[in-house]
6 protein chains.
Amino acid sequence: MTRRILWLNPVMNSAYDVPIGDSLRAEAREDTRLDVASLDGTGPVHLEYNAYELMVAEPSLRTVLWAEQQCYDAMVIGCFYDPFVRAAKEVTRRMPVTAPAEACIRTAQSVGERFSVLVGRAKWIPEMEENIHRYGAERSLASFRELGMGVNDFQTDPAFTERRILEEARAAVEQDRADAVILGCTIEFGFYRTLQAELGVPVIDATVAPLRYAEFLADAAALQGWTVSGQLGYQSPAVDEYAPFLSPLEPHLAKDPR
Amino acid sequence: MTRRILWLNPVMNSAYDVPIGDSLRAEAREDTRLDVASLDGTGPVHLEYNAYELMVAEPSLRTVLWAEQQCYDAMVIGCFYDPFVRAAKEVTRRMPVTAPAEACIRTAQSVGERFSVLVGRAKWIPEMEENIHRYGAERSLASFRELGMGVNDFQTDPAFTERRILEEARAAVEQDRADAVILGCTIEFGFYRTLQAELGVPVIDATVAPLRYAEFLADAAALQGWTVSGQLGYQSPAVDEYAPFLSPLEPHLAKDPR
Amino acid sequence: MTRRILWLNPVMNSAYDVPIGDSLRAEAREDTRLDVASLDGTGPVHLEYNAYELMVAEPSLRTVLWAEQQCYDAMVIGCFYDPFVRAAKEVTRRMPVTAPAEACIRTAQSVGERFSVLVGRAKWIPEMEENIHRYGAERSLASFRELGMGVNDFQTDPAFTERRILEEARAAVEQDRADAVILGCTIEFGFYRTLQAELGVPVIDATVAPLRYAEFLADAAALQGWTVSGQLGYQSPAVDEYAPFLSPLEPHLAKDPR
Amino acid sequence: MTRRILWLNPVMNSAYDVPIGDSLRAEAREDTRLDVASLDGTGPVHLEYNAYELMVAEPSLRTVLWAEQQCYDAMVIGCFYDPFVRAAKEVTRRMPVTAPAEACIRTAQSVGERFSVLVGRAKWIPEMEENIHRYGAERSLASFRELGMGVNDFQTDPAFTERRILEEARAAVEQDRADAVILGCTIEFGFYRTLQAELGVPVIDATVAPLRYAEFLADAAALQGWTVSGQLGYQSPAVDEYAPFLSPLEPHLAKDPR
Amino acid sequence: MTRRILWLNPVMNSAYDVPIGDSLRAEAREDTRLDVASLDGTGPVHLEYNAYELMVAEPSLRTVLWAEQQCYDAMVIGCFYDPFVRAAKEVTRRMPVTAPAEACIRTAQSVGERFSVLVGRAKWIPEMEENIHRYGAERSLASFRELGMGVNDFQTDPAFTERRILEEARAAVEQDRADAVILGCTIEFGFYRTLQAELGVPVIDATVAPLRYAEFLADAAALQGWTVSGQLGYQSPAVDEYAPFLSPLEPHLAKDPR
Amino acid sequence: MTRRILWLNPVMNSAYDVPIGDSLRAEAREDTRLDVASLDGTGPVHLEYNAYELMVAEPSLRTVLWAEQQCYDAMVIGCFYDPFVRAAKEVTRRMPVTAPAEACIRTAQSVGERFSVLVGRAKWIPEMEENIHRYGAERSLASFRELGMGVNDFQTDPAFTERRILEEARAAVEQDRADAVILGCTIEFGFYRTLQAELGVPVIDATVAPLRYAEFLADAAALQGWTVSGQLGYQSPAVDEYAPFLSPLEPHLAKDPR
């Protein structure tokens, strides 16, 4: 009962595809196969700005169509702003689509009572806070804390990054009464185990939690038929209507070597 | 002290540009000049689906850049889902950008206590309801009511459209305790005056209200310097960074004849 | 298409009428005529207390009746507690009535994401916070900050006032993550331009924003007939019933010299 | 340990003073003495309009000052809009002031889970709903239901009134899932016992509940010193400042005959 | 018209029964008779943990049944987590049941605008905060503050306890803008008068407020028949069904000596 | 990597243990082993009343301790009121505990936008609605709908039950704008597949969803160490303190035959 999951780094930058793939396969269930994709072409290499999200919207959505066609069991759009999920649910009927904020929030709500989100820059907070409201998690939010780093700084000097996360995570626990910490960017991957051991509270990684959640949704879709409802807001457009301008697009792909 | 305002129909369909332009210029202040634009190319001719919004995201945002460059005093992104406003605020520093839902809600809140939104299809409601929450207007919402019509049906048989709107608006007032009615799609233009006379409550048109609000914001920007704050969530990316993939784009344009 | 707007300082103190009038006319549209009024008689010279609001309720409401009779296009009740607006909407049918908090909040929400309100004393906060909830703006509120000054201190030593506002506004931006600042009292007029230049974020003045909003509402009323709805909570009492005890009252008036 | 309570009918109409006094004394504790007052002069004889509330604001507040001076142990401002309570709390330091909506809501929340409020006209609902939000009771509200009667109709044909209340109360229980009913106007007095027996759910009377709550607050003030806090929003103005325009006023008084 | 009230310390520890009884009788109305009970057997001597609440659930609920049978006029379940109130309302039909948080919150809301709750440990906060939300009091909450003491520390060194409460209460008023303070544990009894005198704001005691509220509810039940509604969530199970496993249980009792 | 999960029917009734076990094993992952337990002794055979929940609290919690000791990978407390979860999280440190409402709500929120909950009786709604608020899902709730059946009626005449569920589910979709349906009682098991096929929207079963969610949490605990945080509200009592009155209890057990 192997599940095939597609992780999309929705940027024109394949640099993180292999490291995220390797890192996640070490965390996945034995029966999970994980391919990691990114977008071809010229465009944003990070999504700190909502404007940049819009610049990758079209190829990302087309990748969703491709993934459904390829029979993936679930897909993760790998950005903590959870972009394009509504549109993805419209154009898919079988394959669940999730994203980091949804998965991290649900995980944190099951293991703790109040979480802090560690973001790179204060700039990210308002859009993320809107999502927290959309997910109904505002009463679970202890705080946002800012690391003062950009997306592409996190993996440059890992020791520094780890130290900064540790400082802010500790302050979240001690000053803001958080009992769980969410790493609010997928590129903060690779740190959670050390931090968790150090801090003694769950540290929710923004790549691992959505993998876990995707496995859960993939099972629920495959075994129970619990997939996106087309009854209301996720109703699909007619293929005839959209075929001229919205078609599947194969992304840049790092396949699971197994 | 003439204000130049750009109305964008964010679709690959210029059919409504002239009628909306004519209709709005009859409602505008004397010192307002209103150009109406739509998008070139092949793509969605309506935005009933969030997926379709994504397919016009890039050219719409590039039009925003072009409009700021052309020194428009304000711009309206003419779809009741209020798409791309966050991104538009990031990449502009001088020109205010508004959209129908924001403008209609603020107008309705000033003249009444509870409004109903008349939508074409139930499918539209969840995304619109999210916006109503984002604008903090959930306690002002009496109901959504569905006309059972698509965007491109509204102007096909105007007498039928008017009758349907009237039926649902009346039910909103009598059954849902609304004291104001919002027409929840820009293509419901041309009906509000008759309906308002018939119903005896304010009927807020989704093209006229954003024009009015754009004039207000244009004045506040020009006279008081109250334009988008770059301090937090609307911080701008560096031009150097985005120039390779995000540049101004001139839309299909119907200029104010005056 | 000249608009005539009445600004009411709802206090028995005409000292601010001329300076506010002069200051606002410099900010108004060319086609706006602004008269400034205050109340005759013995009574409160500021409204820091809700009890004082009640002591000016009757003459204020009678002034509203007078203004509607005099065919003003819009009226501002110039106190940041937004007093008497519900009652004013009941007894008017044509003339829009607005007030500083509504106008400042809507302006701040259009240009930023989170605002701080700078109040004179902590005493003012609870009543103002109730209004922020009534306007659905609680998620936009970064903080209240207290200047430690009474209404009638603000214009006594302008340099001191400016310094204090600057200190608290800076703290609001740096510590409370505000990206816009609202001056929470009309008598904080005259400072916003300098502060805004200094701080680099929008500073919303409690006299200018309602003027702007009144112009917007006046246009919407005159051109679209969007005035107060009498369908629900703003239903009017019968003139016959109230004539014996509620009649128009001409206020102390400083007319627009133009 | 006798408690003296003042009930104010805040209208220029003494017609209900004796019947309300008689009715309430039959419901009061043995050690309660209840005086009932109304306002002298020409003015509103009911408060269905917020504008009318403003016309009785000054004499009502002056009556509050008088009552504190006369050493009443508690006072009820007898209108279901709960008018003037904030101001009353500012100018008193010893005597608790309560009002019908607060008392009815708290009572209903202790005996049931969801209440409906039976109002005379739909016109009343928005202002009352604002109060329900201010009291944090929005999740306890099952519905408002409208009787189609004015304040001064309730006692004209009691059999008719009772029948109408019964119809709407039954619908509230059966259709709106209310398990308690609040009579949303003080002049709906005299009906609750019959209705309660008939319906089998608590029917909270808008005169009796505030009497009960006033006794509770009077005890807490007298025995524990739990009276209004002057620390924040209820801070008092200086007597010197307000004495020229705000002084105690003896109302029209129907004293407890005991 | 004497009222008999039962206070239950829902723990297997009778040490506080006499001191709480003595202390409360000095605060009660003259016509109140107050018996204090605790639970027999081996079990928790404090309820800092929700798990401990569950271990006393059965005998506590059986005591409620006993109290209704004994014709008490009201009962208080004396723990600030307000445990078992829903169940108690199901199995009683005549006797009101209240608890400290409900009573303290309602009292604080009537005398002030924002309260702080002083808890022993941070551990208690999430469960208490859930109750504050259930009571709709989240907008009245200024802060929780932690004393760093367990339940059974409060009466060990009263001078130390008083000093700690004073420190945190002062910080609540000065830093968190509270204008009332709630002592968030019944075993913080005996301190409120001194603290209140020192601080100048109402300090609500978690034993005295529920006594007061119980008297209020007892009167409303006895005089108006306003007792728990069986219409919806508080519907009772059939006695036949529950008799085999749920029967009245006489607690350890310290009777009112009068 | 087999996961062992314990399902507890927290009632003194083993009748459903085998059917639920059989039914769930057919839905589980291949590597899941599912034991089903119920409670020994005399007591409630259903939990429609909160009072009944309290009567099974102690043995249920002791079963949680036993399950942690037996090294189960996760446990479900099988009642849609989600009882005892907070306490269970306090006394466990390794084994995740979940319950039907949490699991169903999270599943429904991932596949749809608005769900209806089909309950047996209106009596259940208020307690369930409190949970929906605690989970922050109030904006996802379309409606509760009542089947007019008790817990122990559901499996008596399955054809009737199915028909009733279908009727109400259809009304939820058509009248309440639900796009997903939750079966709000574990004993509504066995129906979801037929209903889902008939209705065309996801029908979330209250036994299957928590199984799925338990697998997800078990993986997250075993692979990432994301288990309950002891930092704040789920802090554990000292074993020494609770050992005298709270010890592991082996339940009535139907083991996985595989």
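Since the model is a prediction, treat every value here as computed from it, not as a measurement.

Participant: Could you clarify how one ought to interpret the relation of the copies chain F and chain A in this entry?
Facilitator: Put simply, the second copy of the chain is the first one after a rotation about an axis and a shift along it. Relative to chain A, chain F is turned by 180° and slid 0.0 Å along the rotation axis, the superposed coordinates differing by an RMSD of 0.0 Å. Such a combination of rotation and displacement between the chain copies is what one expects of a two-fold axis. Residue F:Gly136 of chain F places its C-alpha closer to the rotation axis than any other residue of that unit, at 2.3 Å. Comparing contact sets, 100% of the residues at the interface of chain F also lie at the interface in chain A, consistent with an isologous, same-surface contact.

Participant: What is the right way to look at the interface of chain D and chain C in this model?
Facilitator: Interface size is often expressed as the accessible area that is lost when the parts come together. In this complex, chain D contributes 35 residues to the contact, which on the side of chain C involves 35 residues. At the surface where chain D touches chain C, the tally comes to 6 salt bridges. Here chain D and chain C share 16 residue pairs in polar contact (both at pLDDT 80 or more) between them. Looking at the side of chain D that touches chain C, the elements that each hand over two or more residues are α2 (50-55), α3 (57-69), α4 (85-91), α6 (125-134) and α10 (239-242) of chain D. Take the side of chain D that touches chain C: its biggest share by element is 5 residues, from α2(D). Residues of the side of chain D that touches chain C, tallied by class, amount to 20 nonpolar, 7 polar and 8 charged.

Participant: Is there a simple way to explain the packing of helix α5 (residues 100-111) of chain A against helix α9 (residues 208-224) of chain A in this structure?
Facilitator: The description of two packed helices rests on the angle between their axes and on the distance between the axes. All names here are of chain A. It is at 8 Å that the axes of α5 and α9 come closest, and there the two elements cross at 85°. Comparing the axis directions of α5 and α9 gives the class roughly perpendicular. Between α5, through Pro100, Glu102, Ala103, Cys104, Arg106 and Thr107, and α9, the contact on the second element is made entirely by Ala209, Pro210 and Tyr213. In terms of residue class, the contact of α5 with α9 is made up of 6 nonpolar, 1 polar and 2 charged.

Participant: Just checking my understanding: could you explain the domain arrangement of chain A for this structure?
Facilitator: Residue and element names in this part refer to chain A. According to the domain assignment, chain A contains domain 1 (3-99 + 208-254) and domain 2 (101-204). Here the C-alpha centre of domain 2 lies 23 Å away from the C-alpha centre of domain 1. Broken down residue by residue, the surface that domain 1 buries against domain 2 is led by Glu48, Phe80 and Tyr81, which jointly contribute 37%. Run the count over domain 1 and domain 2 and you get 2 salt bridges.

Participant: Quick question: what am I supposed to make of the pattern of salt bridges here?
Facilitator: If the charged atoms of two oppositely charged side chains come close together, the side chains can form a pair. According to the stated counting rule, one finds 108 salt bridges over all chains in the structure shown. Notably, a salt bridge pairs B:Arg134 with A:Glu130, separated by 3.6 Å at the nearest N-O pair. Taken together, the residues B:Arg134 in helix α6 (residues 125-134) and A:Glu130 in helix α6 (residues 125-134) connect one chain to another. Note on B:Arg134: relative accessible area 40%, which makes it partly exposed. Linked by salt bridges that have partners in common, A:Arg145, A:Arg164, A:Glu167, A:Glu168 and A:Asp176 make up one network.

Participant: Just to check I follow, could you spell out the sheet that holds strand β2 (residues 32-38) of chain A for this structure?
Facilitator: Strands pair in a sheet through their backbones, by hydrogen bonds, and they do so in one of two ways: parallel or antiparallel. Residues and elements named next belong to chain A. Here 5 strands make up an open sheet; going across it, the order is β4-β3-β1-β2-β9 and the pairing mixed. A single partner strand is all that each edge strand has here, and the edge strands are β4 (97-98) and β9 (252-254). As judged from the 7 bridges shared by strand β1 (residues 3-9) and β2, these two strands associate in the parallel manner. By the bridge assignment, Asn9 is partnered in β2 with Ser38. Running at roughly 170° to β1, helix α3 (residues 57-69) makes contact with β1, β3 (74-77) and β9 of the sheet.

Definitions and limits used
- Residues numbered from 1 in each chain as written.
- Chains lettered and ligands numbered in written order.
- Predicted model: local features only at pLDDT ≥ 70, side-chain atom pairs only at ≥ 80, totals over all residues.
- Heavy atoms only, no water.
- Least-squares fit on C-alpha atoms with pLDDT ≥ 70 in both.
- Contact = heavy atoms within 4.5 Å.
- Salt bridge = Lys/Arg side-chain N within 4 Å of Asp/Glu carboxyl O.
- Polar contact = N/O pair within 3.5 Å; in protein donor to acceptor, adjacent residues only side chain to side chain.
- Helix = DSSP H or I, 4+ residues; strand = E, 2+ residues; numbered from the N terminus.
- Nonpolar A, V, L, I, M, F, W, Y, C, P; charged D, E, K, R; others polar.
- Axes fitted to C-alpha atoms, helices over the stretch in contact; angles between N-to-C directions.
- Parallel < 35°, antiparallel > 145°, perpendicular 65-115°, else oblique.
- Domains from an automatic or database assignment.
- Buried area = accessible area lost by both parts, 1.4 Å probe.
- Buried < 20%, exposed > 50% of the residue type's maximum accessible area, 1.4 Å probe, protein only.
- Pairing = 2+ DSSP bridges.

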